[in-house]
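Results of the structural survey
Given next are the chains, with one letter for each unit.
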Amino acid sequence: MHPPTLSGGPSTLTAMTNLAATRNAQGETAEARSLLLEALTVSRRAFGKKNAVTSEIAWRMVSTYDRPHETARRKNLILENLSWLAKEPPSRLTGQQKSIKGRVKGLLFGGRSAKRQGKRGK
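Residues numbered from 1 in each chain as written. Predicted model: local features only at pLDDT ≥ 70, side-chain atom pairs only at ≥ 80, totals over all residues. Heavy atoms only, no water.

Residue pairs three or four apart in sequence face the same way in an α-helix, which turns once every 3.6 residues. Within helix H4 (residues 71-81), the full set of buried residues consists of Arg74, Leu77, Ile78 and Asn81. Around the axis of H4, the buried residues are gathered within 100° of arc, so they sit on the same side. Exposed and facing more than 90 degrees away from the buried side of H4 are Ala72 and Leu79. Check the buried side of H4 and you find it contacts helix H2 (29-47), helix H3 (52-63) and helix H5 (95-109). (Buried < 20%, exposed > 50% of the residue type's maximum accessible area, 1.4 Å probe, protein only. Helix = DSSP H or I, 4+ residues; strand = E, 2+ residues; numbered from the N terminus. Arc of directions from axis to C-beta. Contact = heavy atoms within 4.5 Å.)

In structure tokens form, the structure reads like this:
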């Protein structure tokens, strides 16, 4: 496959992301990850880390690492590509980025804040 050009802009990247989701659903995880990595690289270079398309691609890539032995890779991908969401005011996020932010929080912290976890033992 040739690297995507930006002549299609975000729609080219969205198409690649959708194809990756299909490949992943068919059990072709390595192929899906390869497509997503390519799309993520192009999106970050063209639109930046905080772009909504880049965030969606990064989240889809994180989602392909769903096996217990892949936890470290999943966390690294989040830290590299999505950790900025934690400090960004909600008013500066798209609806999709807010959703991703909540899912990232759930993955990393099990949906509970550190304070709530500490109080459970009392």
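What follows is about the packing of helix H1 (residues 10-25) against H3. Helix packing for two helices is described by the angle between their axes and how far apart those axes are. Interhelical geometry of H1 versus H3 gives an angle of 15° and a closest axis separation of 11 Å. Taken as axis vectors, H1 and H3 run roughly parallel relative to one another. Crossing hand, H1 versus H3: left-handed. Counted together, Pro10, Leu13, Thr17, Asn18 and Ala21 of H1 and Val53, Ile57 and Arg60 of H3 form the full contact between these two elements. (Axes fitted to C-alpha atoms, helices over the stretch in contact; angles between N-to-C directions. Parallel < 35°, antiparallel > 145°, perpendicular 65-115°, else oblique. Left-handed = near helix turned anticlockwise from the far one by under 90°.)

This brings us to the side chain of serine 55. For serine 55, the position within the fold is in helix H3. Leaving out residues up to four positions away in the same chain, serine 55 has contacts with Lys49, Lys50, Leu82, Trp84, Gln97 and Ile100.

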